[in-house]
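Take a look at the letters that make up each chain.
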Amino acid sequence: MFDLAFYILAVLILGSALMVVTLRNIFHCALFLVLCMFSIAGIYILLEAEFIAAVQVLIYVGAVTILMIFAVMLTHQLTGKTIRQVNDQPIAALFIISSLLVLTLLALSKTTWEVASSSGVSPSATELGRALMTVYVLPFEVVSVVLLVALVGAIVISRGD
Amino acid sequence: MFELEGIFSAVGDFLASFLGAPLLQIVSIIAVAGVVIGFLMVLALFLVWWERKLSADFQVRIGPMRTGPHGVLQTIADALKLLQKEDIVPLTADKKVFFWAPVICFVTCFLAYICMPFGKGLIVRDLNIGILYIVAITTFTVISLLMAGWASNNKYSLLGGMRSAAQIISYEVPLSLSLLGAVMLAQSLSMVTIVQGQGGSFLHWYIWRQPLGFLLYVTAATAEVNRTPFDIPEAEQELVAGYNIEYSGMKFAMFFLAEFINMFTVCAIAATLFLGGWNPPFEFLSFIPSWVWFLGKSLFLVFILMWFRWTYPRLRVDQLMAFAWKFLLPLAFLNIIVTGFLIYLFE
């Protein structure tokens with residue numbers, strides 16, 4: 001059951017990701033990105049990380065991709081038009097991507113993966129919240145400040161003057 | 001004695017007596033989904049009729065009267081008419097997206113009910129992320145509205161879709177934050193735990209400890225389901241009908257029913273988080289089954305939303321955005337800070 005669910009999700013993720021980078025209508029690309037993000041949330045559910053799954057849907061489906069769709073719809077020249085998905089440097093890109101793939105595969109095969117002990121960390125919302133507020137409070141605050149800076153930056157740029 | 005929990009478990013035992021374990025699981029999943037979806041469809045038909053009768057009352061008319069006593073069967077007749085209509089797809093529409101938009105809208109509006117406590121022990125699955133799951137899964141409505149608005153290839157539907165999406169995203173922030181107060185009091189995201197935390201008399205309901213949270217939630221929820229005074233997405237005078245202008249027949253019916261089910265969803269969430277869910281207001285009233293209390297409280301909130309709709313005029317777009325970001329959002333943050341401070345002080 002677990003394996004079957006995993007393979008269905010994997011096919012969904014890879015298939016929709018492929019659609020995102022190959023389709024010529026950018027609105028369709030954005031919709032497949034939604035499907036891709038949602039299927040990734042399914043993987044989190046399989047791994048019993050429900051909180052992460054819900055947050056994944058909330059942020060990536062509910063906010064990030066909707067923002068992209070918004071940008072597509074507001075950009076006058078893009079709506080309903082087809083765009084090129086390939087630029088003039090396919091050979092260089094292929095070289096870089098394949099070397100990256102080889103490096104990743106090497107790193108994956110050379111690493112000895114430690115299997116977590118039977119109990120492990122419980123991924124419940126309570127535990128996560130406690131960890132963010134005690135052990136990881138500094139990185140948490142730094143991330144918040146970075147996001148705030150990005151927000152202020154976006155407003156400054158969009159005001160223009 | 002009229003609790004439905006016993007009936008459902010009896011049916012489950014009966015099925016288990018002659019079905020094997022894997023088959024039983026499949027059959028029970030289909031049966032539960034059928035019961036929930038059937039109930040919600042009937043409820044949506046009722047809500048459409050109720051809205052028409054209430055609007056008639058507010059405008060000193062009598063509303064539908066011909067089909068059935070006081071017109072109760074009118075919506076069924078209308079639904080049958082819509083199902084028989086020819087399926088019209090605009091020539092310049094994006095056919096695939098045009099088809100999938102109402103499907104996604106209709107399917108996802110039922111998903112929130114997976115962890116909705118209808119009554120004592122009457123819940124499909126008590127997820128431990130309960131309320132967060134509901135907030136997350138309802139974001140798909142926005143995508144379906146955007147898809148409908150874009151795929152129709154019509155300037156009015158595009159504008160309607162954009163307005164809906166902008167409004168729903170903006171009001172989702174104060175909406176989620178206003179729910180946090182109740183979650184902090186219950187110390188849990190699970191819907192069942194939140195309801196159990198409000199047991200006893202009506203004085204234990206979270207509305208008394210979260211009055212600001214409740215008001216913020218009802219306001220943001222009204223905007224979330226695109227109802228007056230926040231119904232700019234379908235402002236008839238400027239946009240004709242909004243995102244669904246090109247839809248007719250069954251696809252239109254799907255959007256329409258989904259809208260009413262979404263309205264019930266936000267009211268059911270408010271009833272569960274702030275009005276004690278299926279708990280009776282007094283101990284001695286507990287002979288009335290819990291699902292009656294849940295339905296009664298939710299429908300009362302639905303009535304308030306309908307009352308808003310036929311009483312208030314519509315806000316302007318700029319007023320709408322300013323209201324969400326400059327008024328509701330700071331109040332929602334204030335509510336969380338004060339709630340956290342008080343919990344720290346008293347516990």
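Rules and cut-offs
- Residues numbered from 1 in each chain as written.
- Chains lettered and ligands numbered in written order.
- Predicted model: local features only at pLDDT ≥ 70, side-chain atom pairs only at ≥ 80, totals over all residues.
- Heavy atoms only, no water.
- Helix = DSSP H or I, 4+ residues; strand = E, 2+ residues; numbered from the N terminus.
- Rg over C-alpha atoms; globule rule 2.2 N^0.38 Å.
- Buried < 20%, exposed > 50% of the residue type's maximum accessible area, 1.4 Å probe, protein only.
- Contact = heavy atoms within 4.5 Å.
- Areas by Shrake-Rupley, 256 points an atom, 1.4 Å probe, with all protein chains shown as cover.
- Axes fitted to C-alpha atoms, helices over the stretch in contact; angles between N-to-C directions.
- Parallel < 35°, antiparallel > 145°, perpendicular 65-115°, else oblique.
- Left-handed = near helix turned anticlockwise from the far one by under 90°.
- Nonpolar A, V, L, I, M, F, W, Y, C, P; charged D, E, K, R; others polar.
- Polar contact = N/O pair within 3.5 Å; in protein donor to acceptor, adjacent residues only side chain to side chain.
- Salt bridge = Lys/Arg side-chain N within 4 Å of Asp/Glu carboxyl O.
- Phe/Tyr/Trp six-rings, centres within 6.5 Å; stacked < 30°, edge-to-face > 60°.
- Arc of directions from axis to C-beta.
- Buried area = accessible area lost by both parts, 1.4 Å probe.

Trainee: Break down the overall build of chain B for me, citing the residues and quoting the values.
Mentor: Secondary structure summary: chain B contains 14 helices and zero strands in total. Going from N to C terminus, chain B has its helices and strands arranged as α-α-α-α-α-α-α-α-α-α-α-α-α-α. For 347 residues, the compact-globule formula gives about 20 Å, and the C-alpha radius of gyration of chain B, at 21 Å, lands near that figure. If you line up chain B on its principal axes, its C-alpha atoms span 60 × 55 × 45 Å. Counting all 347 residues of chain B, 51% fall into the buried class. By sequence separation, contacts in chain B at least 24 residues apart represent 77% of the contacts at least 6 residues apart. Carbon and sulfur atoms make up 72% of the accessible area of chain B, which amounts to about 16400 Å² in all.

Trainee: Go over the packing of helix α4 (residues 95–111) of chain B against helix α12 (residues 249–274) of chain B, please, and point to the residues and values.
Mentor: All names here are of chain B. Relative orientation of the contacting elements α4 and α12 amounts to 25°, with a least axis distance of 9 Å. By the angle class used here, α4 and α12 are roughly parallel. Viewed along their axes, α4 and α12 form a crossing whose handedness is left-handed. Across the interface between the two elements, Phe98, Phe99, Ala101, Pro102, Val103, Cys105, Phe106, Cys109 and Phe110 from α4 touch Lys251, Met254, Phe255, Leu257, Ala258, Ile261, Asn262 and Thr265 from α12. When its residues are assigned to classes, the contact of α4 with α12 shows 14 nonpolar, two polar and one charged.

Trainee: An account of the side chain of Gln198(B) is requested, with residue identities and associated values reported.
Mentor: Of note, Gln198(B) is situated in the loop between α8 (191–196) and α9 (206–209). Within polar-contact distance, the side chain of Gln198(B) engages the backbone nitrogen of Gly276(B) at 3.0 Å.

Trainee: Report on the pattern of salt bridges, specifying residues and quantitative values.
Mentor: Where charged atoms of side chains with opposite charge meet at close range, the side chains can pair. All names here are of chain B. One pass over the structure, following the stated rule, counts three salt bridges over all chains. A salt bridge links Glu51 to Arg309, with the nearest nitrogen and oxygen atoms 3.6 Å apart. Taken together, the residues Glu51 in helix α2 (residues 21–58) and Arg309 in helix α13 (residues 290–309) connect sequence positions 258 residues apart. We classify Glu51 as buried; its relative accessible area is 5%. Residue class for Arg309 comes out partly exposed when judged on its relative accessible area of 26%. Asp87 serves as the salt-bridge partner of Lys251, at 3.4 Å between the closest nitrogen and oxygen. One end of the pair, Lys251, is in helix α12; the other, Asp87, is in the loop between α3 (74–84) and α4, with 164 residues separating them in the sequence. Judged by its relative accessible area of 10%, Lys251 falls in the buried class.

Trainee: Talk me through the packing of aromatic side chains; I want residue IDs and the actual numbers.
Mentor: Residues and elements named next belong to chain B. Evaluated as defined, the whole model comprises 24 aromatic pairs over all chains. Between the aromatic rings of Trp50 and Phe303, the centroid separation amounts to 6.1 Å while the plane-to-plane angle is 35°, which identifies the pairing as tilted. Taken together, the residues Trp50 in helix α2 and Phe303 in helix α13 connect sequence positions 253 residues apart. Taking 5.6 Å as the distance between ring centres and 80° as the angle between the ring planes, the aromatic pair formed by Phe118 and Phe294 counts as edge-to-face. With a gap of 176 residues between them, Phe118 in the loop between α4 and α5 (130–137) and Phe294 in helix α13 connect regions that are remote in the sequence.

Trainee: Hey, could you go over α3(B) for me, with residue numbers and the actual values?
Mentor: Residues and elements named next belong to chain B. Taken as a whole, α3 has its buried residues at Gln74, Thr75 and Leu82. Mapping the buried residues of α3 onto a view down its axis gives an arc of 95°, with all of them on the same face. Looking at the buried residues of α3, the elements they touch are α2 and α12.

Trainee: I'd like a rundown of the interface of chain B and chain A, residues and numbers included.
Mentor: Opposite the 21 residues of chain B that make contact, chain A presents 22 residues. Carbon and sulfur atoms supply 87% of the area buried between chain B and chain A, which totals about 2000 Å² over both sides. Summed over the three residues of chain B that lose the most area to chain A, namely Ile143(B), Trp150(B) and Met162(B), the buried surface amounts to 29% of that side. In this structure, the connection of chain B to chain A is made through zero salt bridges. At the boundary of chain B and chain A, one finds one residue pair in polar contact (both at pLDDT 80 or more). For the side of chain B that touches chain A, the secondary structure elements donating two or more residues are α5, α6 (140–151) and α7 (155–186) of chain B.

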